[in-house]
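# Summary of structural features
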Amino acid sequence: MTGVAEARTCRHISVRPINPAIGAEITDVDLGRELDAATAAEILDAILDHLVVFFPDQDITPDRQAAFARRFGDVPEVPDSMFRVHPDNPCVSVLENDAERPPTVNNWHSDYSFAARPDFLSVLHARSIPDVGGDTIWVNMYAAYEALTDPMKAHLAGRVATHDFMKLYERPFKRHLWKGERFEYMEAARLEHPPVGHPVVRTIPETGRRALYINESFTRNIEDLDERESASLLDYLFEHIRTPEFQIRYRWEPGTLAVWDNRVTVHYAVADYHPRHRLMHRVTVLNHEAPQA
Ligand SMILES: [Fe+2]
């Protein structure tokens, strides 16, 4: 962990930071081939340093994408609920939007923070990208935490927040997911994910650094605070993470594969491209244990 955004050529890959705070492009690697252990270790180091990394021009199948993700942890089969499952691989979710399916992921979130065992990494492969629009924004939640004052850090220390699947999926713009044959899938997801408590500030074992772990989509309240105290504090934190200096906004190209650490980022898929077509394949990598404070 260098904590410094500088271009470097590792023994097996080239890493070029895009912003000082977050984001790097990795070249000189073909993800269509099985990675050796040293290359996989350098990629993991780059993820820990830059939080989201991008591999341009990767022509890979869903099976290869899942095999790549498996180098970094457990890759679960995905339920057919919020997103369709790819017919060739049960671990690959299909995120597809067009004229009939307007994009609705324009809300700040960390993937699966509502789960008792949230995602560690997300691995997203761009298959079809609109000619304009469809960017994604990520936030460095280490930077967001570190920019808080010491009294605010002390106020948040040891606090637990409730994350709730239904905070997002009960909202009117998600109503289309609860119709027809999808209802039973969504109901199963709801029952599988009752509200769960996670630390508001997490210490990441590999880096020893603290990061904020809240997001507007799923963080319902901060436990032990009065309802209005909790709402005011969360509103402040949700606004705080919108600070441009903590962020990267990335313009996708077809074939780019992104990997990000959900423990220390939140992201937002800009929904400005309707009715154009956008198709992404997503694989997730599970953390080995629930978040620890
Ligand atoms: Fe997401």
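About the thresholds
- Residues numbered from 1 in each chain as written.
- Predicted model: local features only at pLDDT ≥ 70, side-chain atom pairs only at ≥ 80, totals over all residues.
- Heavy atoms only, no water.
- Pairing = 2+ DSSP bridges.
- Helix = DSSP H or I, 4+ residues; strand = E, 2+ residues; numbered from the N terminus.
- Axes fitted to C-alpha atoms, helices over the stretch in contact; angles between N-to-C directions.
- Phe/Tyr/Trp six-rings, centres within 6.5 Å; stacked < 30°, edge-to-face > 60°.
- Buried < 20%, exposed > 50% of the residue type's maximum accessible area, 1.4 Å probe, protein only.
- Lys NZ or Arg CZ within 6 Å of the ring centre and 35° of its normal.
- Donors = N, O, S within 2.8 Å, 3.2 Å for Na, K, Ca; no water.
- Contact = heavy atoms within 4.5 Å.
- Polar contact = N/O pair within 3.5 Å; in protein donor to acceptor, adjacent residues only side chain to side chain.
- Arc of directions from axis to C-beta.
- Core = buried A, V, L, I, M, F, W, Y, C linked by side-chain atoms within 4.5 Å.
- Expected span 1.5 Å × (residues − 1).

## So, the sheet that holds strand 8 (residues 136–140)
Two pairing modes exist for strands in a sheet, parallel and antiparallel, and in both the strands are linked by backbone hydrogen bonds. A sheet is described by the order of its strands in space; here three strands give the open sequence 14-8-16, paired in antiparallel fashion. At either margin of the open sheet sits one strand with a lone partner, and together these are strand 14 (247–250) and strand 16 (265–269). Each adjacent strand pair in this sheet contributes to an overall mean axis angle of 15°, direction not counted. Pairing of strand 8 with strand 16, which is carried by five bridges, proceeds in the antiparallel orientation. When the sheet's bridge partners are listed, Thr136 is paired in strand 16 with Ala269.

## Brief notes about the packing of aromatic side chains
One pass over the structure, following the stated rule, counts 15 aromatic pairs. Note on Phe114 and Phe218: the rings are 4.8 Å apart at their centroids and 70° apart in plane angle, and the pair reads as edge-to-face. Remark: Phe218 occurs in the loop between strand 12 (210–212) and strand 13 (219–222) and Phe114 occurs in the loop between strand 6 (93–97) and strand 7 (119–128); sequence separation between them is 104 residues. Classification of Phe114 by relative accessible area gives buried; the value is 2%. Classification of Phe218 as buried rests on a relative accessible area of 3%. Members of the aromatic cluster, connected to one another through ring pairs, are Phe54, Trp138, Tyr250, Trp252 and Trp260. Over the ring of Tyr145 we find Lys153; its NZ or CZ atom is 5.4 Å from the centre of that ring.

## Quick look at the coordination of the iron ion
Only His109 (NE2), Asp111 (OD) and His267 (NE2) from the protein reach the iron ion as donors, at distances of 2.1 to 2.2 Å. In terms of primary sequence, the donors binding the iron ion are separated according to H-x1-D-x155-H. One end of the pair, His109, is in the loop between strand 6 and strand 7; the other, His267, is in strand 16, and 158 residues separate them in sequence. Look at His267 and you get buried, because its relative accessible area is 5%.

## Let's talk about the environment of Val94
With respect to the helices, strands and loops of the structure, Val94 is situated in strand 6. A C-alpha to C-alpha distance of 10.0 Å links Val94 and His125, two positions 31 residues apart in sequence. What Val94 contacts, discounting residues up to four positions off in sequence, is Phe83, Arg84, Val85, His86, Leu279, Met280 and His281.

## Some words on the side chain of His125
You can see His125 is positioned in strand 7. His125 sits in the buried class, given a relative accessible area of 3%. A distance of 3.4 Å separates a polar atom in the side chain of His125 from a polar atom in the side chain of Arg127. When residues no more than four places from it in sequence are discounted, the contact partners of His125 are Gln58, Ile60, Gln65, Gly255, Thr256, Leu257, Leu279, Met280 and His281.

## Side note on helix 6 (residues 182–192)
Among the residues of helix 6, those classed as buried are Arg182, Met186 and Ala189. In an axial view of helix 6, the angular spread of the buried residues amounts to 55°, which keeps them on one side of the axis. Opposite the packed face of helix 6, turned more than 90 degrees from it, sit the exposed residues Glu184, Leu191 and Glu192. On its buried side, helix 6 packs onto strand 5 (84–85) and helix 5 (165–169).

## Notes on the nonpolar core
Core analysis: the largest hydrophobic core is formed by 57 residues, its most contacted members being Met82, Trp138, Met141, Phe165, Tyr169, Leu212 and Trp252. In terms of residue count, the dominant contributor to this core is helix 3 (residues 141–146) (five residues). Apart from the residues lying within four places of it in its own chain, the contact partners of Trp252 are Leu124, Ala126, Ile129, Gly134, Asp135, Thr136, Trp138, Ala258, Arg278 and Met280.

## Points about helix 7 (residues 227–240)
The end-to-end C-alpha distance of helix 7, which contains 14 residues, comes to 20 Å, matching closely the 20 Å that a straight helix rising 1.5 Å per residue would cover. Within helix 7, burial applies to Ser230, Leu233, Leu234, Leu237, Phe238 and His240. Along helix 7, the residues classed as buried sweep out an arc of 155° about the axis, all on the same side. What points out from helix 7, more than 90 degrees from its buried face, is the exposed set Arg228 and Asp235. As for helix 7, its buried residues are in contact with helix 3, helix 4 (150–156), helix 5, strand 12 and strand 13. The backbone nitrogen of Arg228 has a side-chain oxygen 2.9 Å away, supplied by the residue at the start of helix 7, namely Asp226.

## Structural notes on the pairing of strand 17 (residues 278–286)
Judged by how many residues are buried, strand 17 sits mostly within the fold: nine of nine residues are covered. Across the two faces of strand 17 the burial is the same, with Arg278, Met280, Arg282, Thr284 and Leu286 and Leu279, His281, Val283 and Val285 all buried. Judged from the five bridges that link them, strand 6 and strand 17 form a sheet pairing that is antiparallel. Residue pairing in the sheet places Val94 in a bridge with His281 of strand 17. Relative to strand 17, strand 7 runs antiparallel, the two being bridged by eight bridges.

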